[in-house]
Amino acid sequence: MADQGIKTQDWDTFRAEAQRMLEAALDQMQQAAERPWQPVPDDIDARYAVQAEARGPQETVDRIIADVLPYHGGNTHPRFWGWVQGSGLASDLIASVAAAAVNANMGGRDHGANYMERAVVDWTRRKMGMPEGASGLLVTGTSQATVIAFQAARLRALPDLRKRGQGDGRLTAYAGEGVHNATLKAVELLGIGSDNLRKVPLVDGRMDCAALAEMVAQDRAAGALPFLVVGTAGSVDLGLFDDLNALADAAAELGLWLHVDGAFGAWTRIAAEPYRSLSDGIGRADSIALDFHKWMYVGYDCGMALIRNEAEHRAAFAARPSYLEGAERGLAGGEPWFCDYGIDLSRGNRALKVWTALETYGEAAFSEAITGNCGLAALMAAEVAAQPKMALAAPVVSNVCVFTARADLPPDAQSRLNAEIAQVLQESGEAVFSTTRVDGRVLLRAAITNHRSRAPDVRAAIVAVAREADERAGV
Ligand SMILES: Cc1ncc(COP(=O)(O)O)c(C=O)c1O
């Protein structure tokens, strides 16, 4: 069936094909446990080559079902724990259909989706314990949220920044060893320079505030402008948390903007104890970057920048040239506009998938899943400890478990073996671990941000690691 122009001539056929696509998508989600990651076929480039020949919805849906759905990234599978990836929710299907139907541009103007984003920002603000009046916006993820927060922080330090640039002022920022690369990227992107991001040593897995104070004093004495300290709620390698109350005290005393990278760990705010208190003090930050697409399981992409002082947030980005002037009434009403709080003028509707998730399943279900993920990381640690030749790299604090399959081998052999096991289990579809290095040794790493994982998944995965380790110990 070839349409003439972009018009849909035959709505009956289109409706049937769209419903077929929805059914296939529902099957994909319902059968997530039977559909692990698999390598893409050799001819994938040929399959995806753009033909642009108006073959109509039927053939296009056939191709999506045959060539797209099978070759996903695996993160919907219950034994996927690589990197820090969320598992995606069935409610995303409902939200994405509705979002596509209205095609909202969330840069501004007076339409419903912007009010919904404000409701989502407000719910998140309350969960994080930030005061009323704090502002925020949904973004692609923590990487972008970090840039937005740092720009606001930079503007506090250099009020003429937007007009005059950074000039000769040498801004310096501080973060604990183990801070995520998103902080480094933002520092580089904003022209602060990676040399001016000071890595503060950790004591017991938390930033050493005395060392921070010393480094700030030294930099000030050398003529630099210390302006920002980045706390971590959930470090990417080991799931560690800074003492955010201590950091808030230190930041106030030292005159620094406190930003918290809470990409996944911020969500311990809605977990049960002992995990909730890991992020105590997060609401005292000047800014928080967090993701819904990690530990709230919402589909990609969806993160948030939250900024304590709305005026500082707005001052960093607001710009309304004549073609974007607002109005008292009509579509150009609806102030404030989100384009005044971030980088993007045109923005997609991320709010709907967060709202749909919360309204469909309820906060308590997320709380239970997040707490449960920490319980599974603890279980994984216990299973590792029970294996005679495995060993943990560090105690499990939250939802991240890092270990070696064979602690009895020399470090180089461990590295080769752990890397090999990660690949073999990914390829067999049994489990997805990623790897990281601690003190130069490659280790297996599970970051459990997966609402589909259960205790038998963890047990089976560790048995599979032990089996592969025994078979391959000579590698
Ligand atoms: C602690 C931490 N910060 C920042 C990021 C970057 O977040 P995003 O991938 O949403 O940009 C990640 C990603 O894993 C992370 O774990």
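The present account deals with the structure reproduced in this document. (Residues numbered from 1 in each chain as written. Predicted model: local features only at pLDDT ≥ 70, side-chain atom pairs only at ≥ 80, totals over all residues.)

**Observations regarding the site of the ligand**
Near the ligand, the surroundings consist of 13 residues, among which Gly141, Thr142, Ser143, His180 and Ala263 are the closest. Tallied by class, the residues present in the shell around the ligand amount to 5 nonpolar, 6 polar and 2 charged. (Near = placed C-beta within 6 Å. Nonpolar A, V, L, I, M, F, W, Y, C, P; charged D, E, K, R; others polar.)

**Observations regarding the sheet that holds strand E1 (residues 135-139)**
An order of E1-E9-E8-E7-E6-E2-E3 is seen for the 7 strands of this open sheet, with the pairing classed as mixed. Taken across any chain shown, the strands that pair with only one partner, and hence form the sheet edges, are E1 and strand E3 (197-200). Direction aside, neighbouring strands of the sheet carry axes that sit 20 degrees apart on average. Most of the contacts of helix H5 (residues 112-128) go to E1, to which it runs at about 115 degrees, and overall it touches E1, strand E8 (287-291) and strand E9 (303-307). (Pairing = 2+ DSSP bridges. Helix = DSSP H or I, 4+ residues; strand = E, 2+ residues; numbered from the N terminus. Axes fitted to C-alpha atoms, helices over the stretch in contact; angles between N-to-C directions. Contact = placed C-beta atoms within 7 Å.)

**Regarding the sheet that holds strand E11 (residues 400-404)**
In a beta sheet, neighbouring strands pair by backbone hydrogen bonds and run either parallel or antiparallel. Spatially, the 4 strands line up as an open sheet ordered E10-E11-E13-E12, and their pairing is antiparallel. Each having just a single partner strand, strand E10 (391-392) and strand E12 (434-438) make up the two edges of the open sheet. Pairing analysis gives 5 bridges linking E12 to strand E13 (residues 441-447), with the strands arranged antiparallel. Among the inter-strand pairings, Thr435 is bridged to a residue of E13, identified as Leu444. Against the sheet, helix H13 (residues 363-386) contacts E10, E11 and E13, and its axis sits at roughly 15 degrees relative to E11. Each of E11, E12 and E13 is contacted by helix H14 (residues 411-428), which is oriented at about 35 degrees to E13, the strand it contacts most.

**Points about the nonpolar core**
Ala173, Ala305 and Ala377 are the most contacted members of the largest nonpolar core, which totals 127 residues. No other element matches the 9 residues that H13 contributes to this core. For this core, the two domains that each supply at least three residues are domain 2 (104-361) and domain 3 (363-472). Ignoring anything within four residues of it in the chain, the contact list for Ala173 reads Val187, Ile192, Asn196, Leu197, Phe227, Leu228 and Val230. (Core = buried A, V, L, I, M, F, W, Y, C linked by C-beta atoms within 7 Å. Buried ≥ 20, exposed ≤ 12 C-beta atoms within 10 Å, placed from the backbone. Domains from an automatic or database assignment.)

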